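Coordinate inspection notes
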Amino acid sequence: MRVQLSVNGEPLDLDLPPWTSLLDLLRHRLALTGTKKGCDHGQCGACTVLVDGRRINSCLKLAVSLDGAEVTTIEGMAGEGGALHPLQDAFVRHDGFQCGYCTPGQICSAQGLLNEGHAQSREEIKELMSGNICRCGAYPNILDAIEDVLNDRVSEPRMPE
């Protein structure tokens, strides 16, 4: 099946078997291996990416259902010249990882959480990030990193929409 989508700002026109998950497209066809395959059942969050700014489990989404969508992976989060995204920088500063396997999904999920605008407190961040599992137990540091970026966003002047 034909599908046109944009991945990390790059427009793509692909011919895919209809059973191809977004995760398999990213990892195996596009060689974007930052997105991880954890449970392959949508329960761990390691495969979280952004589709049109919303966080999804890429293992559960068929790529052909995303015609016209904008997909952002961890590889697409960095800024110009490879400058770290504020969340990436905060994860480094707060040591929000140990083995690093869940980190790409955690960061993409955190960006989706920020885009949603529902989290106003540490408890709300904790609840809204509960779909992302860290087997190493770096949760306090992950929460510190996200809370840091959230607080920076709240204190920044906002442009009218």
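A short tour of the structure in this document, coming up. Predicted model, so just to flag it, every value in this text is computed and none were measured.

**Some points on the overall build of the chain**
Helix and strand counts for the chain stand at 5 helices and 5 strands. Put simply, the chain runs from its N terminus to its C terminus through helices and strands in the order β-β-α-β-β-β-α-α-α-α. In terms of overall size, the chain behaves like a compact globule, its C-alpha atoms giving a radius of gyration of 16 Å where 161 residues would be expected to give roughly 15 Å. Expressed as lengths along the three principal axes of its C-alpha atoms, the size of the chain is roughly 45 × 40 × 30 Å. Expressed as a percentage of its 161 residues, the buried residues of the chain come to 42%. Sequence separation of 24 or more characterises 58% of the internal contacts of the chain that already satisfy a separation of 6 or more. Carbon and sulfur atoms make up 51% of the accessible area of the chain, which amounts to about 8600 Å² in all. Distance between charge centroids for the chain: 5 Å, based on 14 positive and 22 negative side chains.

**What to know about the sheet that holds strand β3 (residues 48–51)**
The strand order across the open sheet formed by 5 strands is β2-β1-β5-β3-β4, and the pairing between neighbours is mixed. At either margin of the open sheet sits one strand with a lone partner, and together these are β2 (10–15) and β4 (54–57). Averaged over all adjacent pairs, the angle separating strand axes in this sheet is 35°, with direction ignored. Inspection of the sheet shows β3 paired to strand β5 (residues 70–72) by 2 bridges, in the antiparallel sense.

**Brief notes about the pattern of salt bridges**
A full pass over the atoms with the stated rule returns 9 salt bridges. Measuring nitrogen to oxygen at the nearest pair gives 2.8 Å for the salt bridge that ties R93 to D148. A residue pair is termed long-range when its members are at least 10 positions apart, and R93 in helix α2 (residues 86–93) and D148 in helix α5 (residues 139–155) qualify at 55 residues. By sharing partners, the salt bridges in this structure join D24, K37 and D40 into a single network.

**Regarding the pairing of β4**
Note that β3 and β4 share 4 bridges and pair antiparallel. Residue T48 lies in a different strand from β4, and its bridge partner there is N57. If you look at the hairpin formed by β3 and β4, you'll find 2 residues sitting between the two strands, and D52 has a positive phi there, around 50°.

**Observations regarding helix α1 (residues 22–29)**
All buried positions along α1 are accounted for by L22, L23, L25 and L26. Residues of α1 that are buried in the fold lie against β1 (2–7), β2, β3, β4 and β5. Positive phi appears at A31, one or two residues downstream of α1, with a value of about 55°.

**Concerning α2**
Inspection of α2 places L87, Q88, A90 and F91 among the buried residues, and these make up the whole buried set. Across the axial projection of α2, the buried residues extend over an arc of 165°, all falling on one side. Once α2 finishes, D95 follows within two positions and takes phi at roughly 50°, a positive value.

**Re the packing of α2 against helix α3 (residues 103–116)**
With their axes 10 Å apart at the nearest point, α2 and α3 run at an angle of 125° to one another. Between α2 and α3, the angle is such that the two are oblique. The handedness of the crossing between α2 and α3 comes out as right-handed. In this structure, α2 uses L87, Q88 and F91 to contact α3, whose residues at the interface are T103, Q106, I107, A110, Q111 and L114. Split into classes, the residues belonging to the contact of α2 with α3 amount to 5 nonpolar, 4 polar and no charged.

**A few points about the side chain of Q88**
Here Q88 lies in helix α2. Note on Q88: relative accessible area 13%, which makes it buried. Within the structure, the side chain of Q88 is placed 2.8 Å from the backbone nitrogen of H85, a separation counted as a polar contact. Not counting residues up to four positions away in its chain, the partners in contact with Q88 are I74, M77, A78 and I107.

About the cut-offs
Counting restarts for each chain, with residues numbered from 1 along the sequence as it is written. Residue-level local features of this predicted model are given only where pLDDT is at least 70; pairs of side-chain atoms are given and counted only at 80 or more, and the full residue set underlies all totals for whole chains, interfaces and linings. Values reported for side chains reflect all heavy atoms of the structure, with hydrogen atoms and water molecules removed beforehand. Secondary structure is summarised from DSSP: a helix means a run of H or I of at least four residues, a strand means a run of E of at least two, and numbering begins at the N terminus for each. Only C-alpha atoms enter the radius of gyration; for comparison, a globular chain is expected to reach 2.2 Å times N to the power 0.38, where N is the number of residues. The rule is simple: take the accessible area with a 1.4 Å probe, protein chains only, and divide by the maximum for that residue type; under 20% is buried, over 50% is exposed, in between is partly exposed. Two residues qualify as a contact provided that any one of their heavy atoms is within 4.5 Å of a heavy atom in the partner residue. For the area figures, the Shrake-Rupley method with a 1.4 Å probe applies, and any residue is considered shielded solely by the protein chains shown. The sign given to each residue is positive for Lys and Arg and negative for Asp and Glu; His and the chain ends receive no count. Each charge is placed at NZ for Lys, CZ for Arg, CG for Asp and CD for Glu. DSSP bridges decide pairing: two strands pair if at least two such bridges lie between them. To get an axis, a line is fitted to the C-alpha atoms, and for a helix only the part in contact is used. The angle between two axes follows their N-to-C directions and goes from 0 to 180 degrees. In what follows, salt bridge is the name for a side-chain nitrogen of Lys or Arg lying within 4 Å of a carboxyl oxygen of Asp or Glu. Directions are taken from the helix axis to each C-beta atom, and the arc is the one they span. Roughly parallel means an angle under 35 degrees; roughly antiparallel means over 145; roughly perpendicular covers 65 to 115; every other angle is labelled oblique. Helix crossings get a hand from a simple test, with the near helix turned counterclockwise from the far one by less than a right angle marking a left-handed crossing and a clockwise turn marking a right-handed one. Each residue gets one label: Ala, Val, Leu, Ile, Met, Phe, Trp, Tyr, Cys and Pro are nonpolar, Asp, Glu, Lys and Arg are charged, and the others, such as Gly, are polar. Two N or O atoms count as a polar contact when they lie within 3.5 Å, although within protein this holds only if one can serve as hydrogen donor and the other as acceptor, and sequence-adjacent residues are included solely when both atoms are side-chain atoms.

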